[in-house]
Amino acid sequence: MAALNEVQVHAPDVSAARSLAALAIAEVRRIEAKYSRYRADSVVSRINAAAGGAPVTVDEETAKLLDYVDACFRQSRGRFDPTSGVLRRAWRFEPGASIPGLRELRPLLAAIGWHRVERTPDTVRLPLAGMELDFGGFGKEYAVDRAATVLREAGAASAIVNLAGDLAVLGPHPDGSPWRIGVQHPRKRQVALAALPVSCGALATSGDYERYLEADGVRHCHVLDPRTGRPARGFQSVTVHAPSCLVAGSASTIAMLLGRDAGLSWLESLELPYFAVLEDGIIVDRFRSGP
Amino acid sequence: MAATEDAEEGRRPRAPLAALTQAALALPIVLASARAGAAQVGEVGFAALGYKERGLIKVTEPVLWGRLQVDDVWEFEASGALDIVTGASPELVTNLPGTPVQSVTGASINDRRRTAQLRAKRRFGDFSLSVSRAVSNEEDYHSHAFAIQGEADLDQHRTTLAIGLGKSNDRVGSSIDPALDERRDTREYLAGVTQVLSPLAVVQSTLTVTRGKGWFNDPYKSTLTFYPDEILPVLFADRRPDHRNAVAWLTRYRRHFPGASGTLQADYRLFRDDWGIRAHTLELAWQQDLGERWSIRPALRYYTQGAADFYSPVVPRPRPEVLSSDQRLGAFGGLSPSLRLVLRLENGLTVEGTAGYVHDAASLRLGGGGSEAFTTLRAVYGILSLSRAF
Amino acid sequence: MRASLAVLALLAAAACTPVAPYQRGYLARPDMAMEPAQAGTAKALEKTYSAKEAAFGGASVGGGGCGCN
């Protein structure tokens, strides 16, 4: 997690605030270590290394997290797929990189399919060598929720955990006023498009501006559709407010993967407040006048 | 590929948030309760009505209601009301003073009416079906009603079609005549369409056909007529046809004006029945936002009705088969201004106060020709309503 | 009859502009609902007027009768 991450806590004194913040940060680091693709000893790396081989035993936290991911896979009709990380090998979001064609994508698409992953209550097995599990689509949001939970259990009532825009708010400022959360302008860095008042709950944003390639005036972003291998179109960004960051993050990611009309329909069906910027720049503010 | 995608979209389950939340709850995380903007599960409410007619009737009516949504698929509604009517009701129309007038016999009434309603509604994707049951009981009147209604959302919820069937079985008695025990059975048929016209406007039009058979007479009313050429007057007890078929056509229009932060609400109802009554109801209201929590709604309602064929304040000669001098079947018009104030709080509490004035008179009838025996009605009412969404 | 023709004209002439799902914000306002008053207020109002008038009926069925005397 290389972006700006912060924990803000209101507490009776500075040392109390520091120790609460430390608790939250420790929990974030724990989850990062446990599910990072970049660490050879993480749960994810062990599962990926055993692809095509024997099932890997996982603990309850991992099993329940994968249950959640399974629910997202179902609700998104297969678009939210944690095995789609292999597309990374064809899509490099760096200057000078080219748009992959069908020849590069086809072998990768053959290694994608959450429905093929074999699970029992305490094991996971990727049936094909080359298949990969990637927690990047929900790991950060889970870390936010866990950090917020440890803060709440430690007695914090007014705090915010923010991991690069995916955040959870425990309660308003001590004077009762809500935290004002800026929605990043999808096309202008350092500019906020709107300031949303949030007293509790979580906010997560999915956007096409974090990593992308631009060719012929068309933006190809890092949110990739596992069925075609191509980037999602229709939104510049989607921000959702939900009781947990996991739900907010999945909701916004699934909206982007569904495209404009189906995505908006999906967001409406959730009946959660949301803020979306469409591909053509139109803003849909359903944050205050929500259902 | 596009066609199959669309087909898949249409079959997406109706409870995605519930599915995700349930899976998230299994994890060791504590879900915050999001703001009031998130999905509601239900509401409970209480209202009280006070109504006073000039010197005549006073009604207080506490109403309790509740609504509960289960699983995003089922919705249950229940409500109960208690009417407490005190005062006196006009029972006799006599022309002894020369021209026909209503007279109250002096007996005061203290009536209690209990009503209860239950409704269950189930969603099947874009369709929904609801069944309801209502009962109403007072000392001299008992009613059971049953209804079933179906709705279909078309064109991505821009058009909604509704069809309904209802059946009502009433038993009429009399507190002054214990031997009276008559039935009245009614069937109702409803068809309606709601159409979104633009992001700012929506219209609904509903047609209801009612067919009733049975006892429609009012057991407490009669007409006493003196003729200049006869010594003895004629007393005719209220007697109405044994059937009543009616059509009501209600159209409602809502248009929001974002610049003014207000909404125009217009309702029009056309009514005709085979008793010869033609009536129009028009209500215009403007609901104005005053900040985030308050809104105010001034409204004006106009009502006009023509008399029933068998309405007459005097008994004609020769004596007819059916006759009623109940001025509610006469020709008159009514103007009713009202004002409502609404307070909505973030925690889901809503407080609503409505005050209104009712003025019914023969002179207000559209096009003139109001019944000359019509006694002008002047009444005020106040309603206070509280509800809590959760 | 003229009143009913006017209503039909309103419905026919109402230019139905396309409404995308994301434009439904205003339509969800409470004062845009067909019944903008709370359930208790609405019941009380209906009873108040129908007890003094011959016309009845509206947007729902199965409400039961009334021995309004």
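Preceding block: the structure.
Here the structure is a predicted model, which is why all the values come from computation and not from measurement.

Novice: Would you take a moment to explain the sheet that holds strand β2 (residues 56-57) of chain A for this structure?
Specialist: Across a sheet, strands are paired by hydrogen bonds formed along the backbone, either parallel or antiparallel in direction. Residue and element names in this part refer to chain A. Pairing in this open sheet of three strands is antiparallel, and the strands run β2-β4-β3 from one edge to the other. A strand with exactly one partner marks an edge of an open sheet, and here the two such strands are β2 and β3 (118-120). Pairing analysis gives three bridges linking β3 to strand β4 (residues 123-125), with the strands arranged antiparallel. If you follow Thr120 over to β4, its bridge partner there is Thr123.

Novice: Where do I start with a nonpolar patch on the surface in this structure?
Specialist: Residue and element names in this part refer to chain B. Taken together, the side chains of Phe124, Phe127, Leu129, Val131, Phe146, Ile148, Leu165 and Tyr189 present a nonpolar region at the surface, about 710 Å² in accessible area. Going through the elements one at a time, β7 (127-138) and β8 (141-154) are the ones with two or more residues in the nonpolar patch. When residues in the nonpolar patch are grouped by element, the largest group, three residues, is from β7. In this fold, Leu165 is placed in strand β9 (residues 159-172). Residue Leu165 is classed as partly exposed on the basis of its relative accessible area of 43%.

Novice: Even after reading the chapter, I still don't get the pairing of strand β5 (residues 159-163) of chain A, so can you show me in this structure?
Specialist: When a strand is regular, its side chains alternate between the sheet's two faces. Residue and element names in this part refer to chain A. For β5, the buried fraction is high: five of the five residues fall into the buried class. Where burial is concerned, the two faces of β5 agree: the one with Ala159, Val161 and Leu163 and the one with Ile160 and Asn162 are both buried. As paired strands, strand β1 (residues 5-9) and β5 are joined by five bridges and run antiparallel to one another. Residue Val7 lies in a different strand from β5, and its bridge partner there is Val161. Pairing analysis gives four bridges linking β5 to strand β6 (residues 166-169), with the strands arranged antiparallel. Counterpart to Leu163 in the pairing with β6 is Asp166.

Novice: Sorry, what's going on with the packing of aromatic side chains here?
Specialist: The description of an aromatic ring pair uses the distance of the two centres, along with the angle that the planes make with each other. Residue and element names in this part refer to chain B. Inspection of the entire model under this criterion finds twelve aromatic pairs over all chains. Ring centres of Trp74 and Phe76 lie 5.6 Å apart, and the angle between their planes is 5 degrees; this geometry places the pair in the stacked category. A relative accessible area of 34% places Trp74 in the partly exposed class. Judged by centre distance (4.5 Å) and plane angle (20 degrees), the ring pair of Phe332 and Phe374 falls under stacked. Residue Phe332 is located in strand β18 (residues 332-344), and its partner Phe374 is located in the loop between β19 (349-361) and β20 (377-389); the two are separated by 42 residues in the primary sequence. An identical accessibility class is assigned to Phe332 and Phe374; each is buried.

Novice: Would you mind going over the packing of helix α7 (residues 260-270) of chain A against helix α2 (residues 16-25) of chain B with me for this structure?
Specialist: When two helices pack together, their arrangement is given by the angle between the helix axes and by the axis-to-axis distance. Put simply, α7(A) and α2(B) touch, their axes get as near as 8 Å, and they point 70 degrees apart. With respect to their mutual orientation, α7(A) and α2(B) come out roughly perpendicular. Each of A:Trp266, A:Ser269 and A:Leu270 in α7(A) lies in contact with α2(B), whose residues at this interface are B:Pro16, B:Leu17 and B:Leu20. The class makeup of the residues in the contact of α7(A) with α2(B) is five nonpolar, one polar and no charged.

What counts and what doesn't
Residues numbered from 1 in each chain as written. Chains lettered and ligands numbered in written order. Predicted model: local features only at pLDDT ≥ 70, side-chain atom pairs only at ≥ 80, totals over all residues. Heavy atoms only, no water. Pairing = 2+ DSSP bridges. Helix = DSSP H or I, 4+ residues; strand = E, 2+ residues; numbered from the N terminus. Patch = residues over 30% accessible without salt bridge, like charges linked within 9 Å, V, L, I, M, F, W, Y side chains within 5 Å. Areas by Shrake-Rupley, 256 points an atom, 1.4 Å probe, with all protein chains shown as cover. Salt bridge = Lys/Arg side-chain N within 4 Å of Asp/Glu carboxyl O. Buried < 20%, exposed > 50% of the residue type's maximum accessible area, 1.4 Å probe, protein only. Phe/Tyr/Trp six-rings, centres within 6.5 Å; stacked < 30°, edge-to-face > 60°. Axes fitted to C-alpha atoms, helices over the stretch in contact; angles between N-to-C directions. Parallel < 35°, antiparallel > 145°, perpendicular 65-115°, else oblique. Contact = heavy atoms within 4.5 Å. Nonpolar A, V, L, I, M, F, W, Y, C, P; charged D, E, K, R; others polar.

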